[in-house]
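Structure assessment
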Amino acid sequence: MRLKDKSALVTGAGSGIGKSIAEAFAREGACVATADLNLSAAQMVSEQINLAGGRAIHLQMDVADEDQVNAGAEQVVREFGALDLLVSNAGIQIINPIVDFSFADWRKLVAIHLDGAFLTTRAAMRAMISQGRGGTILYMGSVHSHLASPNKSAYVAAKHAIVGLAKAVAKEGAKHGIKSNIICPGFVRTPLVEKQIPEQAQQLGITEEEVVKKVMLGQTVDGEFTSMEDVAATAVFLASFPSSALTGQSIMVSHGWFMH
Ligand code: NAD
């Protein structure tokens, strides 16, 4: 029960990595708010947590909407009495060469990843500072926070930018006991990635098997996908780490694909 008496807000918790982190936090004793654009998905996850003996609520939240983010954070504080942990995880992927990338798609992706990270951070920091007991903010980065792949310009740019935000939060949050780190997974087999396999095969002119073997796993040390459990275990570790020795850091969880 490493997160007993903690209250967490996890965005994009209706699916994939966010769902897995919400469940892992609940198993460690945290009260968890599952926030997602998709309310029924967020609800399903919170119901599963409650059925398993944990404590969860669900929220409809578009992380790119200032009012929804602020209202959601306030609701978490009202329901659980505090907000100690934020996992800014909600995200999408849009794949296209730069020359064919529409401005609307660029803005949509950057709004969800970067505006969403900022808005949830600001709401969480305000709550954490007024509570006066510190807190932890975790961002879902990516290997693409540190390197680039073709056809992912908006994603690569936004994920790199979140590294900067995490460092800025570490600096400004320190005097309030607020830590911030960014988790950078390699490919994890979630709906976000399943959708990309045929898209990348078409754009790169290779088979789906080659996309998996060469593009997604070719640079790992063992040819393995990163698992949702790998990422959730890292989030629990960082959320329960006792000091500020680990703050402003990028933690790579990528089977050796990217090494600092
Ligand atoms: P996913 O598609 O399984 O889940 C993403 C969730 O975010 C969905 O439930 C979706 O409804 C929600 N969401 C989308 N837009 C939203 C918005 N505006 N507001 C609130 N919620 C919204 O994807 P995933 O693979 O679990 O991705 C989660 C995070 O992990 C993303 O930030 C992604 O970039 C990152 N990531 C994924 C991988 C991977 O290989 N899957 C690797 C590195 C990083």
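Okay, so let's go over this structure. Predicted model only: the values in this text are computed from it and were never measured.

Calculation notes
Residues numbered from 1 in each chain as written. Predicted model: local features only at pLDDT ≥ 70, side-chain atom pairs only at ≥ 80, totals over all residues. Heavy atoms only, no water. Core = buried A, V, L, I, M, F, W, Y, C linked by side-chain atoms within 4.5 Å. Buried < 20%, exposed > 50% of the residue type's maximum accessible area, 1.4 Å probe, protein only. Helix = DSSP H or I, 4+ residues; strand = E, 2+ residues; numbered from the N terminus. Contact = heavy atoms within 4.5 Å. Pairing = 2+ DSSP bridges. Axes fitted to C-alpha atoms, helices over the stretch in contact; angles between N-to-C directions. Expected span 1.5 Å × (residues − 1). Bend = angle between axes of the 7 residues up to and from the residue.

1. Some points on the nonpolar core
Counting 46 residues, the largest nonpolar core has Leu9, Leu59, Ile137, Tyr139 and Met216 as the members making the most contacts within it. For this core, the element with the most residues is helix H4 (residues 103-131), which contributes eight residues. Those residues in contact with Ile137 that lie beyond four places of it in its chain are Leu86, Thr121, Ala124, Met125, Met128, Val169, Ile178, Lys179, Ser180 and Asn181. With 29 residues, the next largest nonpolar core counts Ala22, Ile49, Ala232 and Ala239 among its residues.

2. A few points about the sheet that holds strand S5 (residues 135-140)
The strand order S3-S2-S1-S4-S5-S6-S7 describes an open sheet built from seven strands, whose pairing is parallel. On the outer flanks of this sheet lie strand S3 (55-60) and strand S7 (249-253), each paired with one strand and no other. The mean angle between the axes of side-by-side strands here comes to 20°, regardless of whether they run parallel or antiparallel. Relative to S3, helix H3 (residues 66-80) is tilted by about 160°, and along the sheet it contacts strand S1 (7-11), strand S2 (31-36) and S3. Packed on one face of the sheet, helix H5 (residues 153-173) meets S5, strand S6 (178-185) and S7 and runs near 160° to S6.

3. Points about H4
In a regular helix each residue adds 1.5 Å, so 29 residues correspond to 42 Å; H4 covers 40 Å between its end C-alpha atoms and thus fits that length. When the local axis directions of H4 are compared, the greatest deviation, roughly 40°, occurs at Ala111. Immediately downstream of H4, the backbone of Gly132 shows phi near 70°, a positive value.

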